[in-house]
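Structure assessment
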Amino acid sequence: MSVGRICLRDVDIAEGGESVLEVARRMRDRLVGTIVVVDGEGRPVGLVTDRDLTVRVLADGKDPRTTRVEAAMTREPKVVSEETPIEAALARMRAGAFRRLPVVNRDGKLVGILSLDDVLALLAEEFGQIGALLERETPHPAAG
């Protein structure tokens, strides 16, 4: 199964010139912990997480009203294409200790985001279906 089949398509984005305060409020309002930073053509150029805001802005005493997202984001995020098999995406997550990967189309434009939570939810559903199948197919002694 490909990443494009399970990734979240409604992605919260920002531009590098936005203030950290604007982005933090968007994260709060949308109940998300990660925002993808895109360039003018919709290509991912960075990720900003709630942890980035804490470590790179608040802990350093920077003003969130004047600090720009580009100063707080993780640059050049690893991405996967829609066609990438889930196993390959998981390998990339493991190798880089990432919990989320932007998903891009053939032109490199952002079309979704894959989170480890999405993959775990899919696996849990699959295991549940396998368990139900095993239960149906397992012989049970006759009641007597």
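One structure accompanies this document, and this report is about it. (Residues numbered from 1 in each chain as written. Predicted model: local features only at pLDDT ≥ 70, side-chain atom pairs only at ≥ 80, totals over all residues. Heavy atoms only, no water.)

Here's the deal with the side chain of Ser115
Residue placement: Ser115 occurs in strand β7 (residues 110–115). Judged by relative accessible area, Ser115 falls into the buried class, the value being 13%. Sequence-distant contacts of Ser115, defined by excluding residues within four places in its chain, comprise Met93, Arg99 and Arg100. (Helix = DSSP H or I, 4+ residues; strand = E, 2+ residues; numbered from the N terminus. Buried < 20%, exposed > 50% of the residue type's maximum accessible area, 1.4 Å probe, protein only. Contact = heavy atoms within 4.5 Å.)

A word on the pattern of salt bridges
Per the stated rule, a full pass over the model turns up ten salt bridges. The residue Arg26 makes a salt bridge to Glu18 at a minimum N-O spacing of 2.4 Å. The exposure class assigned to Arg26 is partly exposed, which follows from its relative accessible area of 24%. Overall, Glu18 belongs to the buried group, its relative accessible area being 15%. Between Arg56 and Asp52 there is a salt bridge, with the nearest N and O atoms lying 3.6 Å from each other. (Salt bridge = Lys/Arg side-chain N within 4 Å of Asp/Glu carboxyl O.)

Observations regarding the layout of surface pockets
A volume near 310 Å³ is recorded for the largest pocket. Along the wall of the largest pocket there are 14 residues; nearest its centre are Leu47, Thr49, Thr74, Phe98 and Arg100. Among the elements of the structure, β3 (44–49), β4 (74–75) and β6 (100–104) are those that each provide at least two residues to the lining of the largest pocket. Here the lining of the largest pocket is composed, by residue class, of five nonpolar, three polar and six charged. (1 Å grid on protein atoms, 1.4 Å probe; cavity = no way out; pocket = protein on both sides within 12 Å on 5 of 7 lines; lining within 4 Å. Points joined across faces, edges and corners; volume = space filled by probe spheres on them. Nonpolar A, V, L, I, M, F, W, Y, C, P; charged D, E, K, R; others polar.)

Structural notes on helix α2 (residues 50–58)
Residues Asp52, Leu53 and Val57 constitute the buried set of α2. Along the axis of α2, the buried positions cluster into a sector of 95°, meaning they face one direction only. If you follow the buried residues of α2, they end up packed against α1 (20–30), β3, α3 (69–72) and β4. (Arc of directions from axis to C-beta.)

Some remarks on the sheet that holds β7
Paired through backbone hydrogen bonds, the strands of a sheet run either parallel or antiparallel to each other. Pairing in this open sheet of three strands is mixed, and the strands run β5-β6-β7 from one edge to the other. For this open sheet the edge positions go to β5 (80–81) and β7, each flanked by a neighbour on one side alone. In terms of strand pairing, β5 meets β6 through two bridges, oriented parallel. Note on β6: the bridge partner recorded for Val80 is Val103. The strands touched by helix α4 (residues 86–96) are β5, β6 and β7; relative to β6, the strand with the most contacts, the crossing angle is about 135°. (Pairing = 2+ DSSP bridges. Axes fitted to C-alpha atoms, helices over the stretch in contact; angles between N-to-C directions.)

What to know about the packing of α1 against α2
Running from N to C, α1 and α2 point in directions that differ by 150°, and their axes come no closer than 10 Å. Crossing of α1 over α2 shows left-handed handedness. Each of Val20, Ala24 and Met27 in α1 lies in contact with α2, whose residues at this interface are Asp50, Leu53 and Val57. (Left-handed = near helix turned anticlockwise from the far one by under 90°.)

Brief notes about the sheet that holds β4
Overall, mixed pairing links the four strands, which are arranged β1-β2-β3-β4 in an open sheet. Every interior strand has two partners, whereas the edge strands, β1 (13–14) and β4, have only one. As defined by bridge partners, β1 adjoins strand β2 (residues 34–38) across two bridges and the pair is classed as parallel. Looking at the pairing, Ala14 lines up with Val37 of β2. Along the sheet, α1 contacts β1, β2 and β3; its crossing angle with β2, the most-contacted strand, is approximately 135°. Packing against the sheet, α2 makes contact with β3 and β4, and its axis sits at approximately 80° to β3.

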